[in-house]
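Here are the chains, one letter per residue:
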Amino acid sequence: MKQRTPVVVNILIIIGLLIVFYYLFVQSYAFLGSPYFWGTVVIGAILAYIHSAIGDLIENNKFKKLSPEEKAAYLAEKKVPFLRRMYDAAFKKQSAAEEKDILIDHGFDGIMELDNQLPKWWVGLFYFGTAFCIVYICAFSFTDFAHPLSEYEKEYKEQLAAIDKYNKEQPPVTIETAKYSADNIAEGKELFKTNCASCHREDGGGGIGPNLTDNFWINQPEKTLFKNVFHMDWNGSPNNPTMRAFGKNGEVSGGEIEKIAAYVYHINQEQAPVTQAQGGAAPQGTEAHWEKE
């Protein structure tokens, strides 16, 4: 008679399989706190114990029919720990007598074939892989599970919802709360290209609009350069209708103007000005004397 797998090992295998299958469909480990999951574990453990009890009855019935020598060999083998038996089944070589019992009566070129049993761990992985493949194919074919496009759409909508929630919960950026940050320069540059470059050029050197890199400004309603740029982007220019009120008109948000102002501050205060020789526009307005931020 073959030795059976201990019930504790079977329960651990059941729990492992349940975790795998629950995660496949939930896509997170939140189910570990669910009573449904643990109820399934308890049911699986009870079934494992029932299966073990039925196996004990069958084993006892077979044991009675064994000869004294077979009983002694069976009891001796039963004393071997389970993990040791698993290791021997996977790696231990047969003795000459054992090989004679499993020798198949054919061969080639003097090489004989043995009727070896596959290791239990290999057979278990094969059956698990087969079951997993069947479940996966069915889920892929008849549900939205594992469809990359469906998962992308779901995550994309979640991201948009998270952005909307953030924008609603965050107070709007105003000229009073706006602050210069070097972290905003890169995004401010892209926003500047989209909204301002058509008049002021991408480098801020000016064209239709004035040069934003020199120290001469037509409108100076604020005392600091950063606030002045924010004011102009939000309210527009009283002297030139082309410089419209982007903020008041709702074309850009306060947070976006804050980033544009950071970029303009950067090219005006932290970089050399674009001169006329470099293609920049001639100075316009009066020289500014900005207070430090």
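Everything quoted here is computed from the prediction, not taken from an experiment.

J.: So what about the layout of surface pockets? Which residues, and what values?
T.: What the second largest pocket holds in volume is close to 540 Å³. In terms of lining, the second largest pocket is formed by 28 residues, of which the most central are His-200, Gly-209, Pro-210, Leu-212 and Met-243. Broken down by secondary-structure element, the contributors of at least two residues to the lining of the second largest pocket are helix H8 (185-195), helix H9 (197-200), strand S3 (216-217), helix H10 (225-235) and helix H11 (254-269). Within the lining of the second largest pocket, the residues separate by chemical class into 15 nonpolar, 11 polar and 2 charged.

J.: Got a sec to walk through the packing of helix H2 (residues 35-64) against helix H3 (residues 68-78)? Specific residues and values, please.
T.: Viewed as axis vectors pointing N to C, H2 and H3 meet at an angle of 145 degrees, and their least axial separation amounts to 10 Å. At the point where H2 passes H3, the crossing takes the left-handed sense. Here H2 contributes Glu-59, Phe-63 and Lys-64 to the contact with H3, which in turn contributes Lys-71, Tyr-74, Leu-75 and Lys-78.

J.: I'd like a description of the pattern of salt bridges, backed by residues and values.
T.: Enumeration according to the criterion identifies 7 salt bridges in this entry. With a closest N to O distance of 2.9 Å, Glu-59 and Arg-4 form a salt bridge. With Glu-59 in helix H2 and Arg-4 in the segment before helix H1 (7-26), the pair connects residues that are 55 residues apart, well separated along the chain. Measuring nitrogen to oxygen at the nearest pair gives 3.1 Å for the salt bridge that ties Glu-59 to Lys-78. Of this pair, Glu-59 sits in helix H2 while Lys-78 is found in helix H3, placing the two residues 19 residues apart along the sequence. Lys-78 gets classed as partly exposed once you look at its relative accessible area, which sits at 45%. Connected through salt bridges with shared partners, the residues Arg-4, Asp-56, Glu-59 and Lys-78 form a single ionic network.

J.: So what about the packing of H8 against H11? Which residues, and what values?
T.: A pair of packed helices is characterised by two quantities: the angle between their axes and the separation of those axes. Contact pair H8 / H11: the axes reach a minimum separation of 7 Å and the direction vectors enclose 100 degrees. When the axis of H8 is compared with that of H11, the two are roughly perpendicular. Residue-level inspection shows Ile-185, Glu-187, Gly-188, Lys-189, Leu-191, Phe-192 and Asn-195 of H8 in contact with H11, the latter providing Glu-256, Lys-259, Ile-260, Ala-262, Tyr-263, Val-264 and His-266. Residue composition of the contact of H8 with H11, grouped by class: 7 nonpolar, 3 polar and 4 charged.

Cut-offs applied
Residues numbered from 1 in each chain as written. Predicted model: local features only at pLDDT ≥ 70, side-chain atom pairs only at ≥ 80, totals over all residues. Heavy atoms only, no water. 1 Å grid on protein atoms, 1.4 Å probe; cavity = no way out; pocket = protein on both sides within 12 Å on 5 of 7 lines; lining within 4 Å. Points joined across faces, edges and corners; volume = space filled by probe spheres on them. Helix = DSSP H or I, 4+ residues; strand = E, 2+ residues; numbered from the N terminus. Nonpolar A, V, L, I, M, F, W, Y, C, P; charged D, E, K, R; others polar. Axes fitted to C-alpha atoms, helices over the stretch in contact; angles between N-to-C directions. Left-handed = near helix turned anticlockwise from the far one by under 90°. Contact = heavy atoms within 4.5 Å. Salt bridge = Lys/Arg side-chain N within 4 Å of Asp/Glu carboxyl O. Buried < 20%, exposed > 50% of the residue type's maximum accessible area, 1.4 Å probe, protein only. Parallel < 35°, antiparallel > 145°, perpendicular 65-115°, else oblique.

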